[in-house]
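# Structural overview
One letter stands for each residue in the lines below.
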Amino acid sequence: MDVQMKKQDVNRYFPLFIYVFCFIISVVVLWQGRSFGLFPMPSPGMDQLNFLDHAQNMLKGILPDYSYKLSFSYTVFLAFLSLITGGEILIMRILQIALCSLIPVVIYKLCRLLRCSFIASQIAALLYCFYGTSILVSIGFLRAAPLALCFIGFVYLLVKGFYSKKYHHYLCAGLLAGLAILGRENFIPIALAPLIMLFFPVVRKHVSGQKIAIYLVGIFILIAPLIMYNYIRFDAPELIPGNFTHIFKFYHGEKTVESSGKLANSIINRVPSQVKMFASSYEAPNSLALYAHREIISLLNVLRVPFNLILAMAILALFLDFKHLRSLFIGGMATGYFLTIIYFSMFYRFRVVDVPLLLVLCGIAIRSLMQTKSRKLIYSFSAIFVILFFFMTYTHPNKIRTGSERRSVIGLLISNKDYYRAEKLIDGLIEDEVPLNNIEKHLVKEIYNEGYKEDAKRLFTKYNENIPSIKQQ
C-alpha cells in the first residue's frame, strides 16, 4: 500500500520535479562555466550581442531599423529580461533558464495527453534533461530553446483542444504559433501544417470551422501588427523586411541568389548533406561549441544523450505506432520543421527546436514496446534498427572539430591552472595528429613557473621539445 501511494505521489508531483531538476542542472552548468570564465558578455560579431544591443536600444525607445534581420519577438523578450533585471547578464541567463526548464514539463504532459504511460512519459522528459545541447543553448542568448518551447507548446495546446473541445485552447495555440513565427519565419508553413489533419474524417468530426478560425485568429493577432508596422515604416509588408533574400545570400552566396536557376541547384545540391548532418550525432557548432564546453564543464560530460539516438527512437515510434493518428501528427509536425531547415547549414541550434517533439515520439515508442504482445520479435526488430541507425549516423567529434577550438580549450584550462586536464587534452591532440602549435610548451612553462619543476621536467621529456623559455629560467 505504501509503495503504491509513493508511486502515485511521484506521478502527481513529477511535473514539478522535472522542472526543478532541469532548472538545477542548467544553473549548475552555468555556474561551472562561469568559474572558468565562460558565459561572459557575448563578443562583437555574435548574434547574441546583436540581440542584446537591440534589446537595450528598445528600452531607450530606439526600434530596429531595416538592417536588423534577427527575431523581433526574441529581441522583445530580451528587452523585458533586461528591464526587470537592470541589464544584469547573469540574472538574465537564469531567468531564460527558468523559462526553458518548462520544456521537459510540456514533453511529459503531451506524452500523457497522447495516452503514454507514466513511466514512458517520465523517461521522455528525463531524456531532454540529459541532452546537453539543449541545456547549453538555454543558457546562451539564442532563440532556439525559447522557440522549442513555443513549438511544443502550440502542438500541446492543439492536442489539448482536440480532446477538451474548448475554444480557448485553440486561441492559445494560435498565439504560441504566432510567437514561433515571430521567432523564425520558417514557422509559417509549420503553423498551418495541422490543417492537413482535416483530411482525416475523425479529425473533421471534432474540429469545427470555428475552432480553426480561432486558431488562425490567434496567429493573426500577433503577426499582423508587425507586418503593418513594417509596411508603414519600411514599405515592406513582411515580418522581417528583406530577410528572405538575406538568408539565402548568407547560406548560398550573393551571386547564386541573383539567378533562380543557380539558387535552385545550390539548394538541391545542399539538401543531401544537410539531411545527413541532421541525422548525425555530431553537434555542428555555431556561436556555442558543445564539445569545447563539455571539456571544461564537468556536468556536461554526464549530459551525453546523443541526438541520433533520440532520432532513431522517434523514427521507431512511427513504425510501432503507425495505426494511430497521434504518431502521424507529432511525426508530421517534427518532419515539417525539418523540411523547412534542410536548405541551410545544419547547426545544432536548428535541431534543438525539433528535439522536444522527437522526445514525445520516443515516449510513444517506449509505450509501444511496453505494451506489445509479440515481445521477442518486436524487441529484436527495435534493437537492431536503433543500433544500426545509431552506428550509421555516429561521427566521433574529434574527427571534425578544428584544431584551433581544441587548443583554445587547453589554453583556458592552463590559465585556470587545471594542468591535469590540459595534459590529457594535449595527449588527445598528439593521438589525433593535430598540430600542437606550441600549446605543450605553454603548459610546461606554466607548470614550471608555478613551482612544479619535477612535473615540468616530466612533461618536457614527454613532449621531447627544446623549449628555450624553460632553459633560460
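Look a little higher up for the structure.
Heads up: these notes are all about the structure in this document. Just so it is clear, the structure is predicted and the values come from calculations on it, not from any experiment. (Residues numbered from 1 in each chain as written. Predicted model: local features only at pLDDT ≥ 70, side-chain atom pairs only at ≥ 80, totals over all residues. Heavy atoms only, no water.)

## Quick notes on the overall build of the protein chain
Tallying secondary structure elements over the protein chain gives 26 helices and zero strands in all. Here the C-alpha radius of gyration of the protein chain, 25 Å, is about what a compact globule of 473 residues would show, namely 23 Å. Here the protein chain holds 473 residues, and 51% of them are scored as buried. Of the roughly 22,900 Å² that the protein chain leaves accessible, carbon and sulfur atoms contribute 65%. (Helix = DSSP H or I, 4+ residues; strand = E, 2+ residues; numbered from the N terminus. Rg over C-alpha atoms; globule rule 2.2 N^0.38 Å. Buried < 20%, exposed > 50% of the residue type's maximum accessible area, 1.4 Å probe, protein only. Areas by Shrake-Rupley, 256 points an atom, 1.4 Å probe, with all protein chains shown as cover.)

## Digging into the packing of helix α8 (residues 144-164) against helix α20 (residues 355-371)
Remark: α8 packs on α20, axes separated minimally by 8 Å, with the N-to-C direction vectors making an angle of 50 degrees. In terms of orientation, α8 and α20 fall into the oblique class. Residues Ala148, Phe151, Ile152 and Val155 of α8 form the contact with α20, whose participating residues are Pro356, Leu357 and Val360. Looking at the contact of α8 with α20, its residues break down into seven nonpolar, no polar and no charged. (Axes fitted to C-alpha atoms, helices over the stretch in contact; angles between N-to-C directions. Parallel < 35°, antiparallel > 145°, perpendicular 65-115°, else oblique. Contact = heavy atoms within 4.5 Å. Nonpolar A, V, L, I, M, F, W, Y, C, P; charged D, E, K, R; others polar.)

## So, the nonpolar core
Counting 134 residues, the largest nonpolar core has Leu110, Phe151, Phe154 and Phe187 as its most contacted members. With 14 residues, α8 is the largest single contributor of residues to this core. What Phe151 contacts, discounting residues up to four positions off in sequence, is Phe187, Ile190, Met333, Tyr337, Val353, Asp354 and Leu357. Residues Ala55, Phe77, Ala79 and Ile89 belong to the second largest nonpolar core, which totals 14 residues. (Core = buried A, V, L, I, M, F, W, Y, C linked by side-chain atoms within 4.5 Å.)

## Side note on helix α9 (residues 167-183)
Taking 1.5 Å of rise per residue, 17 residues should cover 24 Å, and α9 covers 25 Å from first to last C-alpha, within 8% of that figure. For α9, the set of buried residues is His169, Tyr170, Ala173, Gly174, Ala177, Gly178, Ala180, Ile181, Leu182 and Gly183. Turning to α9, the residues buried within the fold contact α3 (72-85), α8, α10 (187-192) and α12 (209-234). (Expected span 1.5 Å × (residues − 1).)

## Things to note about helix α25 (residues 453-463)
Given 3.6 residues to a turn, an α-helix orients residues that are three or four positions apart in the same direction. For α25, the complete set of buried residues consists of Ala456, Leu459 and Tyr463. Down the axis of α25, the buried set is contained in an arc of 70 degrees. They therefore lie on one face. Residues of α25 that are exposed and angled more than 90 degrees away from the buried face: Lys453, Glu454, Lys457 and Thr461. Buried residues along α25 sit in contact with α23 (419-431) and α24 (439-449). (Arc of directions from axis to C-beta.)

## Let's talk about the environment of Asn11
Structurally, Asn11 can be placed in helix α1 (residues 2-35). Dropping the residues within four chain positions of it, Asn11 is found in contact with Tyr108, Phe118 and Gln122. Among the polar contacts listed, one links the side chain of Asn11 to the side chain of Gln122, at a separation of 2.9 Å. (Polar contact = N/O pair within 3.5 Å; in protein donor to acceptor, adjacent residues only side chain to side chain.)

## Thoughts on the pattern of salt bridges
By the definition in use, this model includes eleven salt bridges. As a salt-bridge pair, Arg326 and Asp321 come within 2.9 Å of each other at their nearest N and O atoms. As far as burial versus exposure is concerned, Arg326 and Asp321 are alike and both buried. Each of Glu423, Asp427, Asp455, Arg458 and Lys462 takes part in a single network of salt bridges with overlapping partners. (Salt bridge = Lys/Arg side-chain N within 4 Å of Asp/Glu carboxyl O.)

## As for the state of the cysteines
In total, this model carries zero disulfides according to the counting rule given. Cysteine Cys22 shares no disulfide, and the gap to the nearest cysteine sulfur, in Cys129, comes to 4.2 Å. The class for Cys22 is buried, based on a relative accessible area of 2%. The thiol sulfur of Cys100 is not disulfide-bonded, and the nearest other cysteine sulfur, from Cys22, lies at 8.4 Å. (Disulfide = S-S within 2.5 Å.)

## A few points about a nonpolar patch on the surface
A contiguous nonpolar surface patch, about 610 Å² in accessible area, is contributed by Leu59, Phe80, Leu83, Ile84, Leu90, Ile91 and Leu95. Counting residues per element, the ones that place at least two in the nonpolar patch are α3 and α4 (89-100). Tracing the chain through its elements places Leu95 in helix α4. Overall, the relative accessible area of 30% leaves Leu95 in the partly exposed class. (Patch = residues over 30% accessible without salt bridge, like charges linked within 9 Å, V, L, I, M, F, W, Y side chains within 5 Å.)

## Let's talk about the packing of aromatic side chains
Applying the stated criterion across every chain, the model contains 25 aromatic pairs. Its end group placed over the ring of Phe118, Arg112 keeps NZ or CZ at 3.8 Å from the ring centre. Its end group placed over the ring of Tyr163, Arg115 keeps NZ or CZ at 4.6 Å from the ring centre. (Phe/Tyr/Trp six-rings, centres within 6.5 Å; stacked < 30°, edge-to-face > 60°. Lys NZ or Arg CZ within 6 Å of the ring centre and 35° of its normal.)

In short, the description is geometric, and any link to function would need to be established separately.
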